[in-house]
Amino acid sequence: WAPIAGKSLPSRAFAAWWLTFTGFWRALFTRGPLLALSSPPTLGLVLWVLSWLGRKGIYVLHDLHPDLGLALGRLRPGFAASLLRFIQRRNLARAKVVAITQGMAENARRLQPRARPQVIENWVDCTAIAPKPKAESALARAQALAQPFVLQYSGNLGLLHPLDGLVRAMADLPDCVLAFIGRGARLEATRAAAAGLPNVRFLDYVPLAELGDSLAACDVAVVALEPGADRLAMPSKLVGILAAGRPVLALAPEGSELAQLVLQANCGLAADAADPAAIAAAVRRLRDDPALRESFSRNARSLAETRFSLTGAAEAYAALLAEVSGNKVSTSP
């Protein structure tokens, strides 16, 4: 829904309600269980309303509202926040709930005690995205990224992702390159922060078919999450990075779900997103220790294959859809 939503709160609200309205009428004339995502939050109302007509469905939490908006300072306590909380509680009450992290599941239960969320984490197609030497990446060759030590931030430069400290750290890393690939609400602010830094570059999104090659065009991949968003969201870009076998630099508090996932799997390092010195120190450690990077790379790919595989997620959703519809399902090939 984001491409039609715009940046202002009124335009995003209009887009959310428009998708909810059109989604309701399409769902009304279909059969079988329904599946709705938590973004926009009003979309779950389709499940809630149709549940009174006997329809069953699954509500997938990719984020929690209004908690996320409040944590990011995009929403203030008041009527709008209360309305979103009312909607979210209704959404959680009458559908089978899926959360993509344990922390989000716990927050969902706090918000709606009747909810019994099942955790099914984000997934990645490990066939479409596979480890590849940077020197073999067409993007790395085309953009002169094959030789220098390259940090890459790929994906949405959104409000969830604190990037200013990373950019400031590059002033102390003149022999490294930071490549941003993507767009988002923080793009222009990040460009402004990088003014005068020749080792910070901005590239546009690549076609989906070229994502694996794009993710290979770096030595270390960066994932960032605002501290207040912990247990309310999880960057989906992480699983693609893991599948590409890239060491991860997680810009998040060490105790956060994101940092703990990376550190416990031994596939990268974590640093405070607001501390340029700590970020620069982590980058130097990774730059100066090829053996450590290689170990992180192997562990990243292994984690993608064992914990975040497309097959595992597909089987979990197939079983859940069968449970909701009252049918049996075979998960064998």
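None of the values given here were measured: they were computed from a predicted structure.

## So, the sheet that holds strand β6 (residues 176-181)
- The sheet built from six strands is open, its strands ordered β7-β6-β5-β8-β9-β10 with parallel pairing. Taken across any chain shown, the strands that pair with only one partner, and hence form the sheet edges, are β7 (200-203) and β10 (268-271). Averaged over all pairs of adjacent strands, the angle between strand axes in this sheet comes to 25°, irrespective of strand direction.
- Where strand β5 (residues 149-154) and strand β8 (residues 220-224) come together, two bridges link them in parallel fashion. Each residue of the ladder has a partner; that of L151, found in β8, is V220.
- Each of β8, β9 (248-251) and β10 touches helix α12 (residues 257-264); the most contacted strand, β10, lies at about 150° to it.

## Quick notes on the pattern of salt bridges
- Applying the stated rule across the entire model yields 14 salt bridges.
- Within this structure, D67, R85 and R110 form a network of salt bridges that share partners.

## Some details on a nonpolar patch on the surface
- A contiguous nonpolar patch, built from F14, W18, F21, W25 and F29 and spanning about 660 Å² of accessible area, is present on the exposed surface.
- Its place among the elements puts W25 in helix α2 (residues 9-28).
- Using a relative accessible area of 41% as the deciding quantity, one classes W25 as partly exposed.

## A few points about the pairing of β7
- The pairing of β6 with β7 spans four bridges and is parallel. Residue pairing for β7: I181 is matched across the bridge by L203.
- Once you follow β6 into helix α9 (residues 187-193) and on to β7, the crossover reads as right-handed.

The rules behind each value
- Residues numbered from 1 in each chain as written.
- Predicted model: local features only at pLDDT ≥ 70, side-chain atom pairs only at ≥ 80, totals over all residues.
- Heavy atoms only, no water.
- Pairing = 2+ DSSP bridges.
- Helix = DSSP H or I, 4+ residues; strand = E, 2+ residues; numbered from the N terminus.
- Axes fitted to C-alpha atoms, helices over the stretch in contact; angles between N-to-C directions.
- Contact = heavy atoms within 4.5 Å.
- Salt bridge = Lys/Arg side-chain N within 4 Å of Asp/Glu carboxyl O.
- Patch = residues over 30% accessible without salt bridge, like charges linked within 9 Å, V, L, I, M, F, W, Y side chains within 5 Å.
- Areas by Shrake-Rupley, 256 points an atom, 1.4 Å probe, with all protein chains shown as cover.
- Buried < 20%, exposed > 50% of the residue type's maximum accessible area, 1.4 Å probe, protein only.
- Right-handed = clockwise from strand over helix to strand, strands pointing away.

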